[in-house]
Amino acid sequence: MIAFIQRVKQASVSVAGEQISQINAGLLVLLGVEKDDDETKARKLLDKVLNYRIFADDAGKMNLGLLAVQGELLVVSQFTLAADTQKGLCPSFSKGAEPAKAEQLYQYFLQEAQKQLPTQAGQFATDMQVSLINDGPVSFWLQV
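These numbers come from a predicted model, not from an experiment. Position numbers for residues start from 1 in each chain and track the written sequence from start to end. The predicted nature of this model means local features are confined to residues of pLDDT at least 70 and side-chain atom pairs, given and counted, to a pLDDT of 80 or more, with totals for whole chains, interfaces and linings taken over all residues. Working from all heavy atoms in the structure, the side-chain values ignore hydrogens and water.

So, about the pattern of salt bridges. Each reported salt bridge corresponds to a side-chain nitrogen of Lys or Arg within 4 Å of a carboxyl oxygen of Asp or Glu. With the rule as written, the count across this model stands at five salt bridges. Lysine 9 is paired through a salt bridge with aspartate 135; the nearest N and O atoms lie 3.7 Å apart. Of the two residues, lysine 9 is situated in strand 1 (residues 2–15) and aspartate 135 in strand 8 (residues 129–143); the sequence distance between them amounts to 126 residues. A simple rule labels every residue: compare its accessible area, found with a 1.4 Å probe on the protein chains alone, to the largest value its type can have, and call it buried under 20%, exposed over 50%, or partly exposed in between. Residue lysine 9 is classed as partly exposed on the basis of its relative accessible area, which comes to 49%. The salt bridge involving glutamate 112 is made with lysine 115; its shortest N-O contact spans 2.9 Å. Assessed through its relative accessible area of 62%, lysine 115 is described here as exposed. In this structure, a network of salt bridges that share partners links the residues Arg7, Lys9 and Asp135. Strands here are runs of E lasting at least two residues and helices are runs of H or I lasting at least four, both read from the DSSP assignment and numbered beginning at the N terminus.

This is how it looks when you write it as structure tokens:
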């Protein structure tokens, strides 16, 4: 399971020109699900996302996680994160989970996140427009 996280001042998702979700300061998470992923990996990745120390403490050092700063979370499914780009000029998606499994794990990730902090979501398997104000910019690739 893969999470591309971006520290944001604001982020939103629109579908067909209509905004469906929006957060203020927190994290935008682009979430990719691979074939061998399961709920154990989803919980482990969520724990990492929520506690990854990329927010400033009182001394201005990146030393606090999203839970510590009580930020918001926006999770967007993105199957392209599971692409194999090692060969040629065309990505292969053979590592990606089948849509039903990917959606189940995406929903599980969201449900577990919502138990811990304000969480918004994109719309699975939909053409979305994601807008953000990246804070820093600060972006990390997390994988379990």
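So much for the structure itself; the text now carries on.
To continue, consider the nonpolar core. General note: in soluble globular proteins, nonpolar side chains tend to be found buried as a group. Judged by nonpolar contacts, the single largest core of 28 residues is most densely connected at Val29, Leu31, Val49 and Leu73. For this core, the secondary structure elements donating two or more residues are strand 1, strand 3 (26–32), helix 1 (39–51), strand 6 (72–77), helix 3 (99–114) and strand 8. Here this core takes seven residues from helix 3, the largest share from any one element. Among all residues touching leucine 31, those that are not within four sequence positions of it are Met1, Ile2, Ala3, Leu45, Val75, Val76, Ser77, Gln78, Leu81, Tyr106 and Phe109. Among buried residues, the Ala, Val, Leu, Ile, Met, Phe, Trp, Tyr and Cys ones that are joined through side-chain atoms within 4.5 Å form a nonpolar core. Ile2, Val8, Ala11 and Leu74 belong to the second largest nonpolar core, which has 12 residues in total. In what follows, residue pairs with any heavy atoms lying within 4.5 Å of each other are defined as contacts.

In this section: helix 1. With 13 residues, helix 1 extends 18 Å from end C-alpha to end C-alpha; this agrees with the ideal 18 Å at 1.5 Å per step. Within helix 1 the residues assigned to the buried category are Ala42, Leu45, Leu46, Val49 and Leu50. Down the axis of helix 1, the sector holding all buried residues measures 130°, keeping them to one side. Looking at the packing, one finds that the buried side of helix 1 touches strand 1, strand 3, helix 2 (66–69), strand 6, helix 3 and strand 8. The span one expects for a helix is its residue count, reduced by one, times 1.5 Å. Our arc is simply the arc of the directions from the helix axis toward the C-beta atoms.

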